[in-house]
Amino acid sequence: MSEIITTTAGNVDIFDAETQDRVRAILEAGTADNTRRAYQGDLRYFWGWARVALGLTEAYPVPLAVLVRFVTDHLEGLPEHVDAALVAEGTKARLGTHSLATVARRLAALSVAHESQCVDNTVHMPQIRALLTAARRARARQGQGPRKKQAATLDILEAMLATCGDDIRGVRDQALLLFAFASGGRRRSEVASAMVENLTVVPGGYLYRIPWSKTDQEGIGREVPVLGRAARSLEAWLQAACIDVGPIFRAISAAGDIEGRLSAKGINRVVKRLAAKAGFDPVSFGAHSLRSGFVTEAGRRGMPRNEAMAMTGHRSGAIFDTYFQSGELINSQVAMIAGK
């Protein structure tokens, strides 16, 4: 059965079932596994809410009124009986509202679902954008803006490294922290997907080829150095774990056995665990702390901005500068204008 879509130009396009299936296949193949799983979870939640709150079954496009109801319900509060029902059936983890970030993420998943169905994407309608923008501004005025993880600058990193023992887990954790930090503050997805085959031995350490990243969706790839202390720790881990092919960072069982690839979530747990062992609040730290810590430390030490950006791979100078400038200002003479 064909789906008929009226375009903004007033023309009529017909997408048959085979074309829709092909579109879905292309979109799925171009989406990272972690992202795909997150989207699937968000879609299950949305349609679980739609069923309980409005008696709807999954169908696209989702009417604008339903999207507005979803946003307002989850930012301002669900009806008590709906909230209780969603928690009771396990669709929702706990009673209460969603964060704005969670609402936006669920809408992003819904947007992708519309695209895969080859139908008008109601998520992109100006009413939804205006509603989210107003909610974001209101929360900023109330001091409820996005909470960033604390930057793991070199002093914090050293404290975390000091908690790593001499056993196989300690050797891995030390190599992981130094690899992620010293190679430019790698994202946890990049650390999780790091492969031995992408390492090249060079004087003083390695070059690591990043074949794909969040800002390189087409897989052009680039190389970053892993030198000095970070390279020595990485070599010690590879030798201790007898790894010469495949994923660099592996899970370790309670008995100390080397297992399969360490997931992105596993990397986040390692950082939180080591932060807690070092006496920091683990809630304030995560894998991204190593990335923001690298940038902040580079700014603190007065290193060239372009060189630091070349290491991190940031495409947006605005995002990079939120961390780099905070590091620069620590040593700024202007900061001492009131005297020492």
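Residues numbered from 1 in each chain as written. Predicted model: local features only at pLDDT ≥ 70, side-chain atom pairs only at ≥ 80, totals over all residues. Heavy atoms only, no water.

## Topic: a positive patch on the surface
Inference 1: Taken together, the side chains of Arg37, Arg188, Lys265 and Arg269 present a region of like positive charge at the surface.
Inference 2: Its location among the elements puts Lys265 in helix α11 (residues 264-277). (Patch = residues over 30% accessible without salt bridge, like charges linked within 9 Å, V, L, I, M, F, W, Y side chains within 5 Å. Areas by Shrake-Rupley, 256 points an atom, 1.4 Å probe, with all protein chains shown as cover. Salt bridge = Lys/Arg side-chain N within 4 Å of Asp/Glu carboxyl O. Lys, Arg positive; Asp, Glu negative; His and termini not counted. Charge placed at Lys NZ, Arg CZ, Asp CG, Glu CD. Helix = DSSP H or I, 4+ residues; strand = E, 2+ residues; numbered from the N terminus.)

## Concerning the packing of aromatic side chains
Inference 1: Here the structure, examined in full by the defined rule, presents 9 aromatic pairs.
Inference 2: Both rings, one in Phe46 and one in Trp49, keep their centres 5.6 Å apart while their planes meet at 50°; by these two values the pair is tilted. Note that Phe46 and Trp49 are positioned in helix α2 (residues 33-54) at a spacing of 3 residues, about one turn of the helix.
Inference 3: Of the residues examined, Phe46 reaches a relative accessible area of 1% and is grouped as buried.
Inference 4: Judged by centre distance (5.9 Å) and plane angle (75°), the rings of Phe181 and Phe294 are edge-to-face. With Phe181 in helix α8 (residues 168-182) and Phe294 in helix α12 (residues 288-300), this pair connects stretches of sequence that are 113 residues apart. Accessibility classification places Phe181 together with Phe294 in one group, the buried group.
Inference 5: Pairwise contacts between aromatic rings join Phe46, Trp47, Trp49, Tyr60 and Phe70 into one cluster.
Inference 6: Above the ring of Tyr45, the side-chain terminus of Arg106 is found at 4.1 Å from the ring centroid. (Phe/Tyr/Trp six-rings, centres within 6.5 Å; stacked < 30°, edge-to-face > 60°. Buried < 20%, exposed > 50% of the residue type's maximum accessible area, 1.4 Å probe, protein only. Lys NZ or Arg CZ within 6 Å of the ring centre and 35° of its normal.)

## Section: α12
Inference 1: Given a rise of 1.5 Å per residue, 13 residues ought to cover 18 Å, and the 18 Å separating the end C-alpha atoms of α12 matches this to within 8%.
Inference 2: Extensive coverage of α12 is indicated by the burial of 11 of its 13 residues.
Inference 3: Within the span of α12, buried status applies to Ser289, Leu290, Arg291, Ser292, Gly293, Phe294, Val295, Thr296, Glu297, Ala298 and Gly299.
Inference 4: Once α12 ends, the next one or two residues include Gly302, with phi positive near 70°. (Expected span 1.5 Å × (residues − 1).)

## Structural notes on the pairing of strand β4 (residues 205-210)
Inference 1: Bridge count between strand β3 (residues 199-202) and β4: 4 bridges; the pairing is antiparallel. Paired with Val202 across the strands is Gly205, a residue of β4.
Inference 2: What sits between the antiparallel neighbours β3 and β4 is a turn of 2 residues, in which Gly204 has the positive phi angle 90°.
Inference 3: In this structure, β4 lies alongside strand β5 (residues 222-227), joined through 6 bridges in antiparallel fashion. Residue pairing in the sheet places Tyr206 in a bridge with Val226 of β5. (Pairing = 2+ DSSP bridges.)

## Description of the nonpolar core
Inference 1: Ranked by size, the top nonpolar core spans 54 residues in total, and within it Tyr208, Leu234, Trp237, Leu238, Ile248 and Phe249 carry the most contacts.
Inference 2: No other element matches the 8 residues that α8 contributes to this core.
Inference 3: Leaving out residues up to four positions away in the same chain, Leu238 has contacts with Val196, Leu199, Tyr206, Ile243 and Ile248.
Inference 4: Residues Ala50, Leu75, Val103 and Leu132 belong to the second largest nonpolar core, which totals 28 residues. (Core = buried A, V, L, I, M, F, W, Y, C linked by side-chain atoms within 4.5 Å. Contact = heavy atoms within 4.5 Å.)

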